[in-house]
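Observations on chain architecture
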Amino acid sequence: MKRELPLARANRLLNTGCVVLVTAGTGDNTNILPVAWQTPVSHAPMLVAVAIAKAHYSHELIADAGEFTINIPGSSMLETVHGCGSMTGRTTDKFKKFGLTKMDAVKTNTSGIEECIGHLECVVEQQVPVGDHTLFIARVEHASIDEEVFDFTREVWKIMGDELLLHHLGGTYYTTSTTLFKL
Ligand SMILES: Cc1cc2nc3c(=O)[nH]c(=O)nc-3n(C[C@H](O)[C@H](O)[C@H](O)COP(=O)(O)O)c2cc1C
């Protein structure tokens, strides 16, 4: 039996992560926000998109700098991920609050988060207003990933071991992917 889901929750059927930590801003003014609404949108050039609410401090930082870094947290960072999404960088330095380390970017000016397992340095190409969010479409300038979690021969996530990808189900619910299927 199918049950109607309120439209306000329709997105939860489509997007369950993986959750990323987006860093925005420069120097001491670098902020962190968790983002579940992220997706690749082009292979060549390699473009990705993140939907950021207009009210968030990070929105202002990304719009001003024209760049951001996507950091991919392992599942051991669950509490940090949720914590970073429970406060604003307008009043809290989230790097200090959660004991995180800034990592110099290779191609941009936006630091990454050393404790994360993967990083994509992004330069904004288009800002598309979408309701109460802006879709920032950005070119990936540099990407790196921990060799422990990525299979460089098959070029896919290993989906095993201690560090799994985190997926946000909504509210305070998260899950991880634990099975790798190969056809
Ligand atoms: C797991 C998770 C996923 C989130 N995904 C998004 C998202 O895709 N887009 C967005 O604008 N906010 C998202 N948020 C909300 C922001 O991360 C949150 O409001 C954050 O505190 C804003 O921080 P800022 O004001 O310092 O930018 C998410 C929060 C959590 C916990």
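Residue positions are counted from 1 within each chain, in the order its sequence is given. With pLDDT at 70 or above as the cut-off, local features in this predicted model cover only qualifying residues; side-chain atom pairs require 80 or more to be listed or tallied, and sums for whole chains, interfaces and linings still use all residues. Heavy atoms from the whole structure form the basis of all side-chain values; hydrogens and water molecules are not counted.

**Remarks on the packing of aromatic side chains**
- Pairing of aromatic rings covers Phe, Tyr and Trp, the last counted by its six-membered ring, and requires centre-to-centre distances within 6.5 Å; plane angles under 30 degrees mean stacked, over 60 mean edge-to-face, and any other angle means tilted. Enumeration according to the criterion identifies two aromatic pairs in this entry.
- Measuring from centroid to centroid gives 5.2 Å for F150 and F152, while their planes differ by 70 degrees, and the two rings are edge-to-face.
- Ring centres 5.9 Å apart and planes at 80 degrees place the aromatic pair F150 and W157 in the edge-to-face group.
- The classification of residues rests on relative accessible area computed with a 1.4 Å probe and restricted to protein chains. Under 20% of the type maximum is buried, over 50% is exposed, and intermediate values are partly exposed. For F150, a relative accessible area of 19% puts it in the buried group.
- Three or more aromatic residues link up through ring pairs in this structure, and these residues are F150, F152 and W157.
- Sitting over the face of the ring of F95, K102 holds its NZ or CZ atom 4.8 Å from the ring centroid. Here, over-ring charges are defined by two tests on the NZ atom of lysine or the CZ atom of arginine: distance to the ring centre within 6 Å, and angle to the ring normal within 35 degrees.

**A short note on the site of the ligand**
- Neighbouring the ligand are 22 residues; N31, A53, S58, M87 and G89 lie closest to it.
- In the analysis that follows, any N or O atom pair within 3.5 Å is treated as a polar contact, provided that within protein one partner can donate a hydrogen and the other can accept it, and provided that, for residues neighboring in sequence, both atoms belong to side chains. In the model, an oxygen atom of the ligand is placed 2.7 Å from a nitrogen or oxygen of the M87 main chain.
- Here, Shrake-Rupley sampling with a 1.4 Å probe gives the accessible areas, and only protein chains in the shown set may cover a residue. The fraction of the free accessible surface of the ligand (650 Å²) that becomes covered by protein chains is 88%.
- Sorting the residues of the shell around the ligand by element identifies β2 (31-35), β4 (47-53), α1 (57-65) and α2 (78-84) as the ones contributing at least two each.
- With four residues, β2 is the largest single contributor of residues to the shell around the ligand.
- When its residues are assigned to classes, the shell around the ligand shows 12 nonpolar, nine polar and one charged. Nearness here has a simple test: a residue counts as near a molecule or strand if at least one of its heavy atoms is within 4 Å of that partner. Strands here are runs of E lasting at least two residues and helices are runs of H or I lasting at least four, both read from the DSSP assignment and numbered beginning at the N terminus. Ten residues, namely Ala, Val, Leu, Ile, Met, Phe, Trp, Tyr, Cys and Pro, are considered nonpolar, four, namely Asp, Glu, Lys and Arg, are considered charged, and the remaining ones, Gly among them, are considered polar.

**Description of the nonpolar core**
- Grouped together as the largest cluster of nonpolar side chains are 24 residues, with contacts concentrated most on V22, V50, I62, F68, I70 and C122.
- Going through the elements one at a time, β1 (20-24), β2, β4, α1, β5 (67-72), β8 (118-130) and β9 (133-145) are the ones with two or more residues in this core.
- Should any heavy atoms of two residues lie within 4.5 Å, those residues are counted as being in contact. Ignoring anything within four residues of it in the chain, the contact list for F68 reads V22, T23, V50, I62, T110, L120, E121, C122, V124, F136 and A138.
- Definition of nonpolar core: a set of buried residues of the types Ala, Val, Leu, Ile, Met, Phe, Trp, Tyr and Cys, connected through side-chain atoms within 4.5 Å. Counting residues in hydrophobic clusters, the runner-up holds 11 residues, among them V19, L21, V81 and L166.

**Observations regarding unusual backbone geometry**
- A44 connects to P45 through a cis peptide bond whose omega is 0 degrees.
- Position of P45 among the secondary structure elements: in the loop between β3 (38-42) and β4.
- Of note, E155 is a non-glycine position whose phi angle comes to about 60 degrees, a positive value.
- On the secondary structure map, E155 appears in the loop between β10 (150-151) and β11 (156-157).
- The exposed category is assigned to E155, whose relative accessible area is 61%.

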